[in-house]
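# Summary of the model geometry
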Amino acid sequence: MNRGALEGIRVVDSSTAWAGPFVSELMALMGAEVIKVESMKRLDHSRVISLSTRQRFTGTDQSSVFNDLNFNKLDVKINLSEPKGAELLKRLVKVSDVVIQNFRPGVMDRLGLGYEALKEVKADIIYLSSSARGAEGPERSYVGYAPSFAAHGGLSYLTGYADGMPAMMMGEIDLISATTSAFAVVAALNHRQRTGEGQYITVSSSETIAVLIGDVLLDYTMNGRVQFRDGNRDEIMAPHNCYRCKGDDKWVSIAISNDEEWRAFIDAIGNPDWAKGERFQDTYLRKENEEELDRLITQWTISHTHYEATEILQRAGVAAAPSFNSEELYNDPHLKERGGYIEVEHPVIGKKAAFAPSWKFSKTPAKITRHAPLFGEHDDYVFGELLEMSQEEIKALIDEKVID
Amino acid sequence: MGEKALEGTKVLEYASSVSGPYCSKLLADLGAEVIKIERTGGGDEARRRGPFLNDIPNPERSGLFLYLNINKRGITLDPKTQTGRKIFLELLRWADILIEDKPPKEMEELGFTYENLKEVNPALIMTSITPFGQTGPYRDYKAYNLNLSHGAGAGYLTPGGSPNLEREPLKGGGLFDDYTAGLSAAVATLAAFYYREVSGIGQHIDASKQQSVMDYDRVELDMYPNTGVVRTRLKGKSLGGAMTRCKDGYVMPMALLGPQWDAFIDFLGNPDWGEKAESTGLTATLEPSEEFSRHLSEWMSSRTMEEVYHGAQAKRVPMAMVSSTADVMNSPQYKARGFFTEIEHPEAGRLKYPIAPYKFSETPSVVERPAPLLGQHNEEVFSRLLGYTRGDLVRMREAGII
């Protein structure tokens with residue numbers, strides 16, 4: 001049995017929704033032991049509702065969305081707003097390596113669970129605070145969801161048709177923010193491994209998006225230019241678009257960056273007469289006459305399926321890919337061969353398809369080992385075995401609604 | 001204190017354009033020593049892409065290249081030549097981590113498979129970032145950012161809230177997906193490095209850009225196998241419609257929960273046309289009625305983005321402001337967080353760059369050097385690190401090896 005890359009690391013995670021929980025899921029896929037802390041009072045709301053996909057779930061254990069974002073984790077019930085709950089969390093932190101939280105800045109401090117307080121309990125703790133705008137600055141208490149991060153990161157403004165509204169970006173934004181946080185935490189683990197020192201990390205979800213358009217931000221810095229959204233188009237490359245194919249709402253993306261690719265492309269589509277004229281002879285001209293070019297290319301794509309078009313063009317060395325929908329991806333032979341999806345058995349909602357971890361490690365494979373935890377599923381293990389609390393103590397805390 | 005998070009970590013980058021260089025930029029900004037190999041001749045493809053300073057194309061003044069290669073040392077090398085290959089392997093012996101983005105076939109032809117390279121450096125971590133991964137029928141397919149966006153299923157969902165399916169699906173803004181693929185690979189790389197620090201064992205990471213980008217959309221995309229629903233960009237099937245135009249741009253009220261919605265109505269001044277939420281629980285008011293939207297547009301049209309954004313947030317309404325790059329670069333919030341750094345570059349001059357979205361209490365991100373000029377560190381790396389003489393360097397340059 002192969003070890004995971006992060007085996008031996010224990011993470012306590014009190015975050016909810018998507019941007020927090022996915023941080024610890026990535027770590028759990030790589031072998032970390034993640035203990036998720038919830039309470040009846042503060043249930044992770046993705047157990048109940050998915051704002052993005054508009055699904056509602058009954059009870060606490062029926063959410064496929066929660067399942068997707070919490071594989072491999074353990075789950076305990078601790079009411080953190082009770083002083084005894086905060087004490088209990090500290091006991092857990094004492095035997096852990098990483099704390100993840102995404103309360104509004106200031107909340108954990110009020111509960112007595114800020115970095116300074118937890119550092120007293122565990123000197124080398126790595127403590128991550130992730131929030132919409134970061135824990136510092138005048139807007140630190142502002143609230144937001146994934147679409148807000150994309151809006152403030154400048155991405156929404158740049159996404160959409162040239163004659164249309166900025167695009168609203170959804171759940172992917174949360175998971176990108178989470179991946180950024182995971183990167184920061186693993187970097188801190190490396191530092192701790194070398195020096196023995198823990199630390200406090202704050203992440204601004206808006207900034208996690210802004211760094212992904214760095215080149216466009218530099219255009220403003222360098223030239224004072226405010227770039228605008230322009231569909232699928234590129235500054236230099238043409239053709240560079242999605243073209244309609246045979247079938248209902250089927251499209252192929254084609255991108256050509258130089259004359260060599262252009263010649264290969266023209267050959268591949270059978271050297272139509274229109275391609276011989278002067279209008280499309282170099283990159284500059286193709287960009288100049290892009291609209292007409294797009295129209296002419298569609299004459300070819302429309303008589304092929306997006307799979308056919310992709311195959312013909314790729315064989316010729318031209319970058320092309322279908323605009324895949326979720327059904328096509330699930331049935332795609334390439335992803336099948338790579339084991340892109342796996343099935344996970346969940347005791348309440350049954351067998352569910354899930355994405356296998358996107359990376360393939362040769363020595364320490366990342367993997368899904370179990371379904372997302374049921375609410376409070378691991379109270380016994382964590383309180384009884386890990387913290388070695390007596391049955392009486394546990395029962396008393398249940399009665400006092402600390403374990404709740 | 002004062003040490004860098006990845007101090008002493010040695011990274012060899014054999015990559016070009018966006019995903020690979022972004023992956024190693026993330027490491028470099030936290031203190032890893034990155035040596036970037038560029039091809040002899042033109043160097044990294046990013047050098048040929050804009051934005052260019054003053055709009056004059058110049059390989060030393062590409063904003064894309066300058067941004068993605070901060071903190072790295074740069075050398076030129078042609079590993080296809082015998083000597084170039086020898087030097088590549090010498091550098092590989094020096095490195096802890098190799099980040100590469102070459103087509104799998106090309107690496108095989110060069111003899112640079114992980115199996116071969118680990119003979120040279122047994123504890124090597126090699127991260128291969130390619131469009132469709134190292135295996136499977138599409139492994140040799142070519143994909144630019146556009147193809148990645150669509151091939152990973154993200155494009156088909158964009159732009160959410162479309163009134164019909166007449167128009168083409170879209171990529172995300174800029175080169176967004178290429179960046180996010182590099183980000184994903186960076187997490188795996190550092191985890192593998194952590195494992196190596198603990199165990200002494202290196203490994204190969206096969207990072208498929210397609211799967212990385214798909215993974216971000218997992219909740220939308222795996223609805224199909226689990227519920228039979230194929231998500232599209234259609235209005236009503238996505239979270240569209242909440243974006244509202246005000247005087248100088250768009251704002252986005254995200255009052256998704258009951259109490260937030262009520263606070264929003266409060267913020268609007270409790271008008272006749274704004275009903276409060278019936279319950280205060282998890283009441284998702286995702287698509288307000290057309291009448292409400294009409295009134296709201298009218299209300300917004302006389303107000304500015306800033307006014308609406310700060311006013312609503314003061315009442316705890318999750319309001320967002322659709323920021324342009326100018327709004328981002330001039331944001332007092334980002335400035336207060338220390339998100340920007342000015343960097344002096346010998347060719348591009350002093351410019352303001354966004355740096356890191358995270359703040360570390362003990363090991364802050366650092367900018368020690370601007371992006372390298374083409375071949376800037378040849379002498380430093382070949383002479384000081386590998387021990388070649390000045391004469392060797394001249395001869396190698398003449399032979400087109402460096």
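Residues numbered from 1 in each chain as written. Chains lettered and ligands numbered in written order. Predicted model: local features only at pLDDT ≥ 70, side-chain atom pairs only at ≥ 80, totals over all residues. Heavy atoms only, no water.

### Focus on the domain arrangement of chain A
The domains assigned to chain A are domain 1 (10–211 + 338–399) and domain 2 (250–324). Distance between the C-alpha centres of domain 1 of chain A and domain 2 of chain A: 44 Å. (Domains from an automatic or database assignment.)

### Description of the domain arrangement of chain B
Accessible area lost during the coming together of the parts is what is often quoted as the interface size. Once the domains are mapped, chain B shows domain 1 (10–217 + 336–398) and domain 2 (244–321). The gap between the C-alpha centroids of domain 1 of chain B and domain 2 of chain B is 42 Å.

### Digging into the sheet that holds strand S9 (residues 240–244) of chain A
Residues and elements named next belong to chain A. Read across the sheet, three strands follow the order S9-S10-S11 without closing on themselves; strand pairing throughout is antiparallel. Strand pairing shows two members of the sheet lacking a second neighbour, S9 and strand S11 (319–322), which therefore form its edges. With direction set aside, neighbouring strand axes in the sheet form an average angle of 20°. Where strand S10 (residues 251–255) and S11 come together, four bridges link them in antiparallel fashion. In the sheet register, Ala-255 faces S11, and the bridge partner there is Ala-319. In the packing of helix H13 (residues 290–301) onto the sheet, contacts are made with S9 and S10, and the angle to S9 comes to roughly 40°. (Pairing = 2+ DSSP bridges. Helix = DSSP H or I, 4+ residues; strand = E, 2+ residues; numbered from the N terminus. Axes fitted to C-alpha atoms, helices over the stretch in contact; angles between N-to-C directions. Contact = heavy atoms within 4.5 Å.)

### Focus on the interface of chain B and chain A
Contacts between the two partners involve 156 residues from chain B and, on the opposite side, 157 residues from chain A. Summed over both partners, the interface of chain B with chain A comes to about 14100 Å²; 61% of that surface belongs to carbon and sulfur atoms. Put simply, chain B and chain A have ten salt bridges between them. In this structure, Arg337(B) and Glu207(A) form a salt bridge, with 3.2 Å as the shortest nitrogen-oxygen distance. Scanning the region where chain B abuts chain A turns up 68 residue pairs in polar contact (both at pLDDT 80 or more). (Buried area = accessible area lost by both parts, 1.4 Å probe. Salt bridge = Lys/Arg side-chain N within 4 Å of Asp/Glu carboxyl O. Polar contact = N/O pair within 3.5 Å; in protein donor to acceptor, adjacent residues only side chain to side chain.)

### A word on the environment of Pro373(A)
Looking at the element boundaries, Pro373(A) is found in the loop between strand S14 (359–361) and helix H17 (379–386). Non-local contacts of Pro373(A), meaning those with residues more than four positions away in its chain, are made with Arg47(A), Phe66(A), Asn70(A), Lys73(A), Leu74(A), Asp75(A) and His378(A).

### Here's the deal with the environment of Arg139(B)
With respect to the helices and strands, the residue Arg139(B) is situated in the loop between strand S5 (125–130) and helix H6 (145–151). Setting aside its immediate chain neighbours within four residues, Arg139(B) contacts His334(A), Pro104(B), Lys105(B), Glu108(B), Phe132(B), Gly133(B) and Gln134(B). Polar contacts involving the side chain of Arg139(B) include one to the side chain of Asp140(B), which spans 3.4 Å.

### So, the pattern of salt bridges
With the rule as written, the count across this model stands at 56 salt bridges over all chains. Through salt bridges with shared partners, a single ionic network connects Glu38(A), Arg47(A), Asp61(A) and Asp75(A).

### What to know about the packing of aromatic side chains
Two aromatic rings, taken as a pair, are described by how far apart their centres are and by the angle between their planes. All names here are of chain A. Tallying each qualifying case throughout the model produces 29 aromatic pairs over all chains. Seen in terms of ring centroids, Tyr-115 and Tyr-127 are 6.0 Å apart; in terms of plane orientation they differ by 70°. Their pairing is edge-to-face. Of this pair, Tyr-115 sits in helix H5 (residues 115–121) while Tyr-127 sits in strand S7 (residues 126–131); the two residues are twelve residues apart in sequence, bridging distant segments of the chain. The same class applies to Tyr-115 and to Tyr-127, which are both buried. Note on Trp-262 and Phe-280: the rings are 6.4 Å apart at their centroids and 50° apart in plane angle, and the pair reads as tilted. Placement of the pair is Trp-262 in helix H11 (residues 259–268) and Phe-280 in the loop between H11 and helix H12 (283–288), with a sequence separation of 18 residues. For the pair Trp-262 and Phe-280, one class covers both residues: buried. (Phe/Tyr/Trp six-rings, centres within 6.5 Å; stacked < 30°, edge-to-face > 60°. Buried < 20%, exposed > 50% of the residue type's maximum accessible area, 1.4 Å probe, protein only.)

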